[in-house]
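The primary structure of each chain is shown beneath.
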Amino acid sequence: VPPTSLHHALDLLGVAVFAASGVLAAGRKNMDLLGVAVIAMVTALGGGTLRDLLLDHHPLAWIADVSYLWTSLAAAVATIVWVRVQPPPDRSLLVADALGLAFFAIGGTEIAEEAGQSGIVAVLMGTMTGVAGGVVRDVLCAEVPLLLRSGQLYASAAIVGTTLYLCLESAGAARQAAGLAGMAAIVALRLAAIFRGLRLPILRLSERDDPR
Amino acid sequence: VPPTSLHHALDLLGVAVFAASGVLAAGRKNMDLLGVAVIAMVTALGGGTLRDLLLDHHPLAWIADVSYLWTSLAAAVATIVWVRVQPPPDRSLLVADALGLAFFAIGGTEIAEEAGQSGIVAVLMGTMTGVAGGVVRDVLCAEVPLLLRSGQLYASAAIVGTTLYLCLESAGAARQAAGLAGMAAIVALRLAAIFRGLRLPILRLSERDDPR
Amino acid sequence: VPPTSLHHALDLLGVAVFAASGVLAAGRKNMDLLGVAVIAMVTALGGGTLRDLLLDHHPLAWIADVSYLWTSLAAAVATIVWVRVQPPPDRSLLVADALGLAFFAIGGTEIAEEAGQSGIVAVLMGTMTGVAGGVVRDVLCAEVPLLLRSGQLYASAAIVGTTLYLCLESAGAARQAAGLAGMAAIVALRLAAIFRGLRLPILRLSERDDPR
């Protein structure tokens, strides 16, 4: 396996599950079918686009390699067909989002690493790559971003997972094993937050400061 | 007429009508005059800026050619004067927005085409160029983006128009004729949605999936 | 003092106060601690990132020079500790935001100037640099951006301050004196708007045009 194939596969997997999550989110908003497809594609391509713009990687992944666009479109169409045949199970949007977060966060970290970035830049880049697709989806669907809901362990899961990945790798683990461990940590933390109510300490300020 | 002058003219027209739409939208929010001018300029320049960033075209259009800035400023001032002299006709914001969508979508498609992009990339790029200005305007004005209102044929109109443009061109039509046909299709679809209630099928998901 | 050190210092000061403002804003939303840190860093780095993307300055400031990341993180942690020890004074968020606006607007103008941009581009670039961090913060915290609240003199203050800076400089003033005057104008206008209710004329459109 060539060294770059892991993040390419992760990118395509992230594109597919974020496209599905875009359909599930837009489907609640009574949008027309082409509008749903556009939301799905923007959600799927948003994270990687932000990462490539920040790292000045041109042409962008989906411009250089048209399989990104077809993957997102195929995943969107498949999801539309699926949800019309039977209603999606509860929380399917959240699970798709958790997988996309894991794929994009680790893939983005790895790309930053290959570009020679330091650890803190790689963690931040991976976190932003993972988070951006879902934020764009939620903003375009006029929902409060998952990122912002208290105690959802959203950015936190990405930071923990990407840091674990870098630590394991610098401790000598194989890249793919470290990547799997990092993704497993992200998915586990998000699922624990969704299904078990796992929480981090919350910062509370008095409302005295609100001048608005 | 040199081959690149069509999209330059379309860009300037799009800048002018999106600046006017920014004034019309911001004017409902009781913003001060300089704030209105800033919203107008950001709306007018947002679509082209996104397109140039994604295609790595630097310097950006409005940095390389200061006439973009002056056009947006002049259109904003003219609109402010006009709406103070007499109230704008009903739905003038929507009509200005439809024109801007058409100009930017076809202009963006053409630029992607000239940069050697494939058809699907050109359609997506044109659609995003056309849509971005209005989304930025609506987000900054704390409105639900037109893109998201059910059955508005917003992204759909841009996809249909840019696809028509590319099909006509590959069927041998002159670029300017194909561009005019594409723009006419976009404006016609949007006006039919605004004034006649034309709709596309809507994707409806049950609300059972909402875990929030 | 080398000629570029002013805007580097301004950038770091802007990063620190915008990170503090991000903590103060996110702290009202009951976010967990890592989420607060992410909001603080994105707020702190957003303005400079937008400026560098628009000017095609790569690598980005915070990628080339890791002190930006550590400054934002240290300012965020210090603010978290501070607000837990004692509640922040009234309007501390608005004051931090006014300082960040001044530092980033003048710093961004200066960078555009050094890149050989014309006056109107430099003013617009400085204004966008100053405004972007706060807009990202407010959007991520699901607040109406300060930019949009009527009569807040927000974009207006940045435009006046950056224009004053350029005018003083072209009238022969030393860069650092002109920069201090520009920043003082921005902070003074914002504080006058916050504490004294200073206002600009507001554009009012009739609501007749609202077709939505």
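Structural data are supplied above this passage.
Residues numbered from 1 in each chain as written. Chains lettered and ligands numbered in written order. Predicted model: local features only at pLDDT ≥ 70, side-chain atom pairs only at ≥ 80, totals over all residues. Heavy atoms only, no water.

**Q** So what's going on with the pattern of salt bridges? Which residues, and what values?
**A** Throughout the structure, instances matching the rule amount to 24 salt bridges over all chains. Residue Arg175(C) pairs with Glu110(C) through a salt bridge whose shortest N-O separation is 2.9 Å. Taken together, the residues Arg175(C) in helix α8 (residues 175-196) and Glu110(C) in helix α5 (residues 92-114) connect sequence positions 65 residues apart. Residue Arg175(C) is classed as partly exposed on the basis of its relative accessible area of 24%. Linked through salt bridges whose partners overlap, the residues forming this network are Glu110(A), Glu113(A), Glu114(A), Glu169(A) and Arg175(A). (Salt bridge = Lys/Arg side-chain N within 4 Å of Asp/Glu carboxyl O. Helix = DSSP H or I, 4+ residues; strand = E, 2+ residues; numbered from the N terminus. Buried < 20%, exposed > 50% of the residue type's maximum accessible area, 1.4 Å probe, protein only.)

**Q** Break down the interface of chain C and chain A for me, citing the residues and quoting the values.
**A** Taken together, the 44 residues of chain C in the interface contact 33 residues of chain A. Carbon and sulfur atoms make up 65% of the area that chain C and chain A hide from each other, which totals about 3,400 Å². When the buried area of chain C at its contact with chain A is split by residue, Arg28(C), Asn30(C) and Asp32(C) rank highest and sum to 19% of it. In this structure, the connection of chain C to chain A is made through zero salt bridges. (Contact = heavy atoms within 4.5 Å. Buried area = accessible area lost by both parts, 1.4 Å probe.)

**Q** A description of the packing of aromatic side chains should follow, citing residues and the corresponding values.
**A** All names here are of chain B. Enumeration over the complete set of coordinates arrives at three aromatic pairs over all chains. Between phenylalanine 18 and phenylalanine 104, the ring centres sit 5.3 Å apart and the planes meet at 25°, which makes this aromatic pair stacked. Placement of phenylalanine 18 in helix α1 (residues 5-26) and of phenylalanine 104 in helix α5 (residues 92-114) is noted, with a sequence separation of 86 residues between them. Residue phenylalanine 18 shares its accessibility class with phenylalanine 104, and that shared class is buried. (Phe/Tyr/Trp six-rings, centres within 6.5 Å; stacked < 30°, edge-to-face > 60°.)

**Q** Give a description of the relation of the copies chain C and chain A that names residues and reports values.
**A** Least-squares fitting of chain C to chain A yields an RMSD of 0.0 Å, with the transformation described by 0.0 Å of translation along the axis and a rotation of 120°. Those values place the two copies in the arrangement expected of a three-fold rotation axis. Residue Leu53(C) of chain C places its C-alpha closer to the rotation axis than any other residue of that unit, at 4.4 Å. Both copies present different contact surfaces, since only 5% of the interface residues of chain C are interface residues in chain A too. (Least-squares fit on C-alpha atoms with pLDDT ≥ 70 in both.)

**Q** Which residues make up the relation of the copies chain A and chain B, and what values do they have?
**A** Put simply, the second copy of the chain is the first one after a rotation about an axis and a shift along it. By a simple turn and slide, chain A fits onto chain B: the slide is 0.0 Å along the axis, the RMSD is 0.0 Å, and the turn is 120°. Little of the interface of chain A is mirrored in chain B, where only 4% of its interface residues are also at the interface.

**Q** I'd like a rundown of the packing of helix α4 (residues 67-85) of chain B against helix α6 (residues 119-140) of chain C, residues and numbers included.
**A** At a minimum axis separation of 10 Å, α4(B) and α6(C) run at an interaxial angle of 70°. Judged on the interaxial angle alone, α6(C) and α4(B) are roughly perpendicular. Judged by residue contacts, Leu69(B), Trp70(B) and Leu73(B) of α4(B) engage Ile120(C), Val121(C) and Leu124(C) from α6(C). Class assignment of the residues belonging to the contact of α4(B) with α6(C) gives a composition of six nonpolar, no polar and no charged. (Axes fitted to C-alpha atoms, helices over the stretch in contact; angles between N-to-C directions. Parallel < 35°, antiparallel > 145°, perpendicular 65-115°, else oblique. Nonpolar A, V, L, I, M, F, W, Y, C, P; charged D, E, K, R; others polar.)

**Q** Give a description of the environment of Leu69(B) that names residues and reports values.
**A** Examined against the element boundaries, Leu69(B) turns out to sit in helix α4. According to the relative accessible area criterion, Leu69(B) is buried, its value standing at 0%. Considered as a pair, Leu69(B) and Val42(B) are 27 residues apart in the sequence and their alpha carbons are 10.0 Å apart. With near-sequence residues (within four places) excluded, Leu69(B) lies in contact with Met41(B), Leu45(B), Trp62(B), Ile120(C), Val121(C) and Leu124(C).

**Q** Describe in detail α5(B), supporting the description with residues and values.
**A** Residues and elements named next belong to chain B. Taking 1.5 Å per residue, 23 residues should reach 33 Å; α5 reaches 33 Å between its end C-alpha atoms and fits that length. Here α5 lies mainly inside the structure; 19 of its 23 residues are buried. Taken from the residues just after α5, glycine 116 is the one with a positive phi, measuring 80°. (Expected span 1.5 Å × (residues − 1).)

**Q** Hey, could you go over the environment of Pro201(C) for me, with residue numbers and the actual values?
**A** One can find Pro201(C) in the segment after α8. Given a relative accessible area of 47%, Pro201(C) falls into the partly exposed group. Residue contacts for Pro201(C): discarding those within four places in its chain leaves Asp32(B) and Leu33(B).

**Q** Break down a nonpolar patch on the surface for me, citing the residues and quoting the values.
**A** Residues and elements named next belong to chain A. Together, Val77, Val81 and Val85 make up an exposed nonpolar region whose accessible area comes to about 280 Å². Mapped onto the elements, valine 77 comes out in helix α4 (residues 67-85). Note on valine 77: relative accessible area 47%, which makes it partly exposed. (Patch = residues over 30% accessible without salt bridge, like charges linked within 9 Å, V, L, I, M, F, W, Y side chains within 5 Å. Areas by Shrake-Rupley, 256 points an atom, 1.4 Å probe, with all protein chains shown as cover.)

**Q** Can you break down α8(C) residue by residue, with the values?
**A** Residues and elements named next belong to chain C. Look at α8: 30 Å from first C-alpha to last across 22 residues, which is about the 32 Å you get at 1.5 Å a residue. When we look at burial in α8, the residues that qualify are Ala178, Gly179, Gly182, Met183, Ala185, Ile186, Val187, Arg190, Ala193 and Ile194. With its phi angle positive at about 70°, glycine 197 sits one or two positions after the end of α8.

**Q** Talk me through the interface of chain A and chain B; I want residue IDs and the actual numbers.
**A** Listed by partner, the interface residues are 45 residues for chain A and 33 residues for chain B. Summed over both partners, the interface of chain A with chain B comes to about 3,500 Å²; 66% of that surface belongs to carbon and sulfur atoms. On inspection of chain A and its partner chain B, the count reaches zero salt bridges. Taken together, the connections running from chain A to chain B amount to zero residue pairs in polar contact (both at pLDDT 80 or more). Elements represented by at least two residues in the side of chain A that touches chain B include exactly α1 (5-26), α2 (33-55), α3 (61-64), α4, α5 (92-114) and α6 (119-140) of chain A. With ten residues, α2(A) is the largest single contributor of residues to the side of chain A that touches chain B. The residue inventory of the side of chain A that touches chain B, partitioned by class, reads 29 nonpolar, six polar and ten charged. (Polar contact = N/O pair within 3.5 Å; in protein donor to acceptor, adjacent residues only side chain to side chain.)

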